[in-house]
Structures are given as structure tokens and as C-alpha cells.
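# Architecture and fold: a report
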Amino acid sequence: MRIQRPVLSPAAARRLAAVGVLVATAVAVPLTVATTSSRPATPAVAGPAPTASAAAYLGATDIAYLQLMIPMDVGAVRLAALAQDPALAAVVADHPAELARMRALLRAAGLPDGDLHDGHELPGLFSERQIDEVAALSPPARDARVADLLREHLTQGERVSASAAEVAEDPAVRALAVELGAARTSELARLKPGLGSG
């Protein structure tokens, strides 16, 4: 007897592909809490007020996205601070505000807001070793390397955010992913070829 295989609709296929992109990036190394959804808990640390939906529920995809984007942003800010060209730091000037919002979402769900990827080297996510290597370069070479790494960071952030915008379970996280995806597109446009080479 011949078994008829189910055919995915175009929308379902796109959703499945988006899940694959996010999971392949965010779960390349194990996360402590991304395998389960979260339920509300009293935040242990005071911070910016989260939205009502964030306090009610965060799914595994929401958690994986936030726990990946936070260390990505932290590393990018640290790298940009090493550059002599102020235009490089200006490209990621909005990252600190993004970090406050993402950390507040995790805290509202009773989850740690620290760097669970410490020591890992993933696309757009920089380890202490990589940052130290950039800091050791002479100023002209350092700025050029910072520009290259920021471009990698922004490109990966745009890609991961596009995936999260399709598959995030919590409306607040989904809206944030849409916003950050658009921000990365804009920041990439500002990171023009040659920036940091002068």
C-alpha cells in the first residue's frame, strides 16, 4: 500500500524554515532554559517595566531569541568602543536601549538575563578572545576589523530577527523582533563600505 505523504502549504513551509534558521543559530550550543516555555515569576532584579504579554508567557523560541540577541548586542557595543572612528560606535548607538528592553522581558518571565553564551563564538556573537585580538591591533587595522565584525553582527542579527518575527510565540517578542530586524537593516545601510578604513 502506497503511503501518501502530507504536503506543506507555502505558509507552513516558510514557518518551518524560519524555525530552522533560529534554532540552528540559537541552539548551536545548549541553552539552560530554552528547551521549555516559561511562566510568570516575580523579577529578582528591578528594571524597565515589561509589557503585559511578556509577564504572562514566554515560549522556548522567545527565550532562545532573547538569550542570543543580548550577548550579540553586548559584544557589538564593546567592539565599537575600541574604534577610533566615532561613526562606528554611532552605528550601534541604540544597542544599550535594546539590551534594557530584552533583559526586562527575560526578568519578567523569571529567567536569567546574563550571557549564557559566554565563551562561544557564533556568527555575529564575539568571544572575549576575539575582542582581545581586536584590541591588540594598531588603530587603523583595528577600525577596519571592527567594521568587518560589526557588519557580520548586523547581518546575523537581521537574519535571526526575521526568523523570530515569524515564529515567536509572545506578541511583545514578535514585535520586538520585527523592530530589531528593521533596525539592523538600517544600521547595515549606515555601515558603508570603507567606514573605519580611514
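Quick caveat: nothing in here was measured; it's all calculated off a predicted structure.

## Here's the deal with the overall build of the protein chain
A count of helices and strands for the protein chain gives eight helices and zero strands. The N-to-C order of helical and strand elements in the protein chain reads α-α-α-α-α-α-α-α. Residue burial in the protein chain is summarised as follows: out of 198 residues, 40% are buried. Counted over contacts in the protein chain with a minimum sequence separation of 6, partners at least 24 positions apart contribute 82%. Total accessible area on the protein chain is roughly 9,900 Å²; 61% of this is exposed by carbon and sulfur atoms.

## Focus on the environment of E179
Secondary-structure assignment places E179 in helix α8 (residues 171–190). For E179, a relative accessible area of 40% translates into the label partly exposed.

## Remarks on the nonpolar core
Counting 24 residues, the largest nonpolar core has L58, Y65, L66, M102 and V173 as the members making the most contacts within it. When residues of this core are traced back to their parent elements, those giving at least two are α3 (60–81), α5 (95–108), α7 (139–167) and α8. Sort the elements by how many residues they give to this core and α3 lands first, with seven residues. Counting 16 residues, the second largest nonpolar core, distinct from the first, contains A80, V91, V134 and L149.

## Regarding the packing of α3 against α8
Closest axis-to-axis distance for the α3/α8 pair is 11 Å, and the angle between their directions is 35°. You can see that α3 and α8 cross each other, and the crossing is left-handed. Taking contact as the criterion, the partners of D62, Y65, L66, M69 and D73 in α3 are, on α8, V173, L176, A177, L180 and R184. A per-class count over the contact of α3 with α8 returns seven nonpolar, no polar and three charged.

## Some thoughts on α8
Along an α-helix, residues three or four positions apart point the same way, because every turn accommodates 3.6 residues. Between its first and last C-alpha atoms α8 spans 29 Å; for 20 residues at 1.5 Å apiece the expected length is 28 Å, and the two agree. What α8 keeps buried is the set A172, V173, L176, A177, L180, G181, R184 and E187. Viewed end-on, α8 has its buried residues packed into an arc of 165°, placing them on one side of the element. Residue D170 occupies the N-cap position of α8, its side-chain oxygen lying 3.0 Å from the main-chain nitrogen of A172.

Rules used throughout
- Residues numbered from 1 in each chain as written.
- Predicted model: local features only at pLDDT ≥ 70, side-chain atom pairs only at ≥ 80, totals over all residues.
- Heavy atoms only, no water.
- Helix = DSSP H or I, 4+ residues; strand = E, 2+ residues; numbered from the N terminus.
- Buried < 20%, exposed > 50% of the residue type's maximum accessible area, 1.4 Å probe, protein only.
- Contact = heavy atoms within 4.5 Å.
- Areas by Shrake-Rupley, 256 points an atom, 1.4 Å probe, with all protein chains shown as cover.
- Core = buried A, V, L, I, M, F, W, Y, C linked by side-chain atoms within 4.5 Å.
- Axes fitted to C-alpha atoms, helices over the stretch in contact; angles between N-to-C directions.
- Left-handed = near helix turned anticlockwise from the far one by under 90°.
- Nonpolar A, V, L, I, M, F, W, Y, C, P; charged D, E, K, R; others polar.
- Expected span 1.5 Å × (residues − 1).
- Arc of directions from axis to C-beta.
- Polar contact = N/O pair within 3.5 Å; in protein donor to acceptor, adjacent residues only side chain to side chain.

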